[in-house]
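Listed here are the chains, written in short residue letters.
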Amino acid sequence: MSLLPLGVGGKPTIMQQAIGKYRWTICALLFFATTVNYLDRQVLSLLQPYLAERFNWTNTDYANITAVFQFVYAFSMLFVGRIIDKLGTKKGYAWAIVIWSIAAMIHALAIPIGEGVVTILGWTGIAGISVSVLGFMFCRAVLAVGEAGNFPAAIKATAEYFPKKERSFATGIFNSGANVGAILAPLTVPWIRLNWGWTAAFIIMGGIGFLWLIFWFVFYERPEKQKRLSAAELAYINNGEEETTLVASDAVQQKVSWFKLLGYRQTWAFTFGKFMTDGVWWFFLFWLPAYLKAQYGIVDKAVMLPLALLYTMAMVGSISGGWFPMYFIKKGHKVYDGRMKAMLLIAVFPLVILAAQPLGYISFWIPVILIGIGASAHQAWSANIFTTVSDMFPKKAVGSVVGIGGMAGGLGGVVMSKLGGALFDHYKALGHIETGYSIMFAICGVAYLVAWIVMKALVPKYKPITDL
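Conventions we followed
- Residues numbered from 1 in each chain as written.
- Predicted model: local features only at pLDDT ≥ 70, side-chain atom pairs only at ≥ 80, totals over all residues.
- Heavy atoms only, no water.
- Helix = DSSP H or I, 4+ residues; strand = E, 2+ residues; numbered from the N terminus.
- Contact = heavy atoms within 4.5 Å.
- Areas by Shrake-Rupley, 256 points an atom, 1.4 Å probe, with all protein chains shown as cover.
- Lys, Arg positive; Asp, Glu negative; His and termini not counted.
- Charge placed at Lys NZ, Arg CZ, Asp CG, Glu CD.
- Salt bridge = Lys/Arg side-chain N within 4 Å of Asp/Glu carboxyl O.
- Buried < 20%, exposed > 50% of the residue type's maximum accessible area, 1.4 Å probe, protein only.
- Axes fitted to C-alpha atoms, helices over the stretch in contact; angles between N-to-C directions.
- Parallel < 35°, antiparallel > 145°, perpendicular 65-115°, else oblique.
- Left-handed = near helix turned anticlockwise from the far one by under 90°.
- Nonpolar A, V, L, I, M, F, W, Y, C, P; charged D, E, K, R; others polar.
- Expected span 1.5 Å × (residues − 1).
- 1 Å grid on protein atoms, 1.4 Å probe; cavity = no way out; pocket = protein on both sides within 12 Å on 5 of 7 lines; lining within 4 Å.
- Points joined across faces, edges and corners; volume = space filled by probe spheres on them.
- Core = buried A, V, L, I, M, F, W, Y, C linked by side-chain atoms within 4.5 Å.
- Phe/Tyr/Trp six-rings, centres within 6.5 Å; stacked < 30°, edge-to-face > 60°.
- Patch = residues over 30% accessible without salt bridge, like charges linked within 9 Å, V, L, I, M, F, W, Y side chains within 5 Å.

Caption draft 1: Representation of the overall build of the protein chain in the model. The number of helices and strands found in the protein chain is 18 helices and 0 strands. Seen through its principal axes, the protein chain has C-alpha atoms that stretch 70 × 50 × 45 Å. Of all intrachain contacts in the protein chain linking residues separated by at least 6 positions in sequence, the fraction that spans at least 24 positions is 84%. Put simply, the protein chain shows about 18,600 Å² of open surface, and 70% of that area lies on carbon and sulfur atoms. Taken together, the 37 basic and 22 acidic charged side chains of the protein chain have centroids lying 6 Å from each other.

Structural data, given as structure tokens:
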């Protein structure tokens, strides 16, 4: 019996209505986990204008703090994806959120932690490093280890619970949690800091992850073991899969060598795409509050509305971008071809960022909106590039491949952060920091087209991996 997505006039068929919708409960869990992930990640960038003045940080100091997070995140992604493949989605995701929630909370102790690190370094003869910078570096490193588990686990869960034709849409939905987190953070963190202090912001946001854990353990289980999942929905999830044998547990799956994965062009296409474009998102996430302060004097509560608008736009991009390939797929294109056509059109939109600085003299809302379009395009791109992995690789290798690409994306973030910090300090000393932002915005604008061209050259046609 075939499973048809739509009936006459685009309405769901009776068969589809009988399938069930439990997979969307799992998608909701992934959405909220990603929201928490970005809440915790965003706190420091929102407090940066205040902390930079309090602790006398330069742009390079802040760039070093963010670069430590990105560097550790990058290499953690390589191993975390593999650990999640081994432990299984349920245990792997739980450990990840426990680690990052604790790490988020200990940012409140960054100064005493920094003093301890300085003491240890003093024993080795290293001195003269800022206590606050070292303390936040340590906390960001621990946070990176935990947060690196979010996307490999979420993509793996999506591959387990959704058929290929729905994965980019489901990914777009849960990935939009990144934007919800980025929206909620500027609406809450400045208020908490003004009323209860900067340490309270880290403690409160970090504690939210433990609430999510309760729902995760109650509602998640592998599809073939999930009692809330109907037989019809399980069959629908597995419809069209190249893999015909379901293993009993993640732990007994055959181990896939990293070196073997690196032998596939598909791995390199995903890896290069992540390297080129993840750094753009990191730059937006970590530097926009500093940009609004440096160029327009916008701080504290005044930053709430511009950032909330920008990330609301990004949320729309994430969901609509996840749906976009389905337009081409329904027209008869193969999954990969439809996804690549959608990604090419998405890659054009960030070019509007090139106009952010030339038109910024009119109003700060002009760059906010233009950067919002770029951020929206990034999230649409992200929903699709993640799904190229589950399109082409068997489920047992998804976490590992996402980890490899995530490492590349993190390294791209390190490059963008260090480059930004150096440019901003250089041009600030010359009296026109806006030139530094113009250069960074130009890089952000063209990154996606470059990424798409190389990805398409590496994998010109859809070719799933069947020999792992």
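Here the narrative resumes.
Caption draft 2: Seen up close, the pattern of salt bridges. Tallied over the full model, the rule gives 10 salt bridges. One salt bridge connects arginine 41 with glutamate 147, and the closest N-O pair in it is separated by 2.7 Å. One end of the pair, arginine 41, is in helix H2 (residues 22-55); the other, glutamate 147, is in helix H6 (residues 131-147), and 106 residues separate them in sequence. Overall, the relative accessible area of 0% leaves glutamate 147 in the buried class. Measuring nitrogen to oxygen at the nearest pair gives 3.6 Å for the salt bridge that ties glutamate 221 to lysine 90.

Caption draft 3: Main features of the packing of helix H4 (residues 89-106) against helix H10 (residues 198-219). At a closest axis distance of 7 Å, the pairing of H4 and H10 adopts a crossing angle of 165°. As the angle between them shows, H4 and H10 are arranged roughly antiparallel. Crossing hand, H4 versus H10: left-handed. On H10, the residues touching Thr89, Lys90, Tyr93, Ala94, Ile97, Val98, Ser101, Ile102, Ala104 and Met105 of H4 are Phe202, Ile203, Gly206, Gly207, Gly209, Phe210, Trp212, Leu213, Trp216 and Phe217. Residue classes in the contact of H4 with H10 are distributed as 14 nonpolar, 5 polar and 1 charged.

Caption draft 4: Spotlight on H2. Between the first and last C-alpha of H2 there are 49 Å, a value that for 34 residues agrees with the 50 Å anticipated at 1.5 Å per step. Counting buried positions along H2 gives 27 out of 34 residues, so the element sits mostly inside the fold.

Caption draft 5: View of empty space enclosed by the protein. Evaluated as defined, the whole model comprises 5 cavities of 30 Å³ or more. Within this model, the largest cavity holds a volume of roughly 150 Å³. In terms of lining residues, the largest cavity is bounded by 16 residues, among which Tyr38, Phe151, Lys274, Asp278 and Phe386 are the most central. If you list the elements that add at least two residues to the lining of the largest cavity, you get H2, helix H3 (59-87), helix H13 (265-296) and helix H16 (365-392). Classifying every residue of the lining of the largest cavity gives 8 nonpolar, 5 polar and 3 charged.

Caption draft 6: Spotlight on unusual backbone geometry. Positioned with a positive phi, asparagine 56 is a non-glycine residue whose angle comes to about 60°. Structurally, asparagine 56 can be placed in the loop between H2 and H3. Its identity is not glycine, yet aspartate 300 carries a phi of approximately 50°, on the positive side. Mapped onto the elements, aspartate 300 comes out in the loop between H13 and helix H14 (304-330). Residue classification places aspartate 300 among the partly exposed positions, given a relative accessible area of 32%.

Caption draft 7: Up close: the environment of proline 163. Assignment of secondary structure puts proline 163 in the loop between helix H7 (150-161) and helix H8 (164-175). In this structure, the C-alpha to C-alpha distance between proline 163 and leucine 423, residues 260 residues apart in sequence, is 45 Å. The contact partners of proline 163, leaving out residues within four places of it in the chain, are Tyr236, Ile237 and Asn239.

Caption draft 8: Expanded view of the nonpolar core. The biggest cluster of nonpolar side chains holds 137 residues, and the ones touching the most others in it are Trp57, Phe136, Phe283, Phe284 and Trp381. The element that contributes the greatest number of residues to this core is H2, accounting for 17 residues.

Caption draft 9: Region of the structure containing the packing of H4 against H7. Here H4 crosses H7 at 155°, and the two axes come no closer than 9 Å. Comparing their axes, H7 and H4 come out roughly antiparallel. Viewed along their axes, H4 and H7 form a crossing whose handedness is left-handed. Packed against H4, whose contacting residues are Thr89, Tyr93 and Trp100, the element H7 presents Asn150, Ala153, Ala154, Lys156, Ala157 and Glu160 at the interface. Classifying every residue of the contact of H4 with H7 gives 5 nonpolar, 2 polar and 2 charged.

Caption draft 10: Quick peek at the packing of aromatic side chains. Counting across every chain of the model gives 40 aromatic pairs. Taken together, a centroid distance of 5.8 Å and an interplanar angle of 55° make the contact between tyrosine 161 and tyrosine 220 tilted. Here tyrosine 161 is found in helix H7, whereas its partner tyrosine 220 is found in the loop between H10 and helix H11 (231-238), with 59 residues between them in sequence. Judged by centre distance (6.2 Å) and plane angle (75°), the rings of phenylalanine 283 and phenylalanine 441 are edge-to-face. Remark: phenylalanine 441 occurs in helix H18 (residues 434-458) and phenylalanine 283 occurs in helix H13; sequence separation between them is 158 residues. Accessibility classification places phenylalanine 283 together with phenylalanine 441 in one group, the buried group. Among the aromatic residues, those joined into a ring-pair cluster are Tyr62, Phe283, Phe284, Trp287, Tyr291, Tyr296, Phe364, Trp365, Phe424, Tyr437 and Phe441.

Caption draft 11: Representation of H16. Its 28 residues give H16 an end-to-end C-alpha distance of 41 Å, which sits within 8% of 40 Å, the value for a rise of 1.5 Å per residue. A large share of H16 lies buried, amounting to 24 of its 28 residues.

Caption draft 12: Seen up close, the environment of isoleucine 173. Structurally, the position occupied by isoleucine 173 is in helix H8. If we ignore the near neighbours within four places in the chain, the residues touching isoleucine 173 are Trp24, Cys27, Phe31 and Ile319.

Caption draft 13: Region of interest: a nonpolar patch on the surface. A cluster of nonpolar residues, Phe79, Ile83, Leu87, Trp95, Ile99 and Val145, forms a patch on the protein surface that exposes about 560 Å² of accessible area. When residues in the nonpolar patch are grouped by element, the largest group, 3 residues, is from H3. Checked against the element boundaries, tryptophan 95 lands in helix H4.

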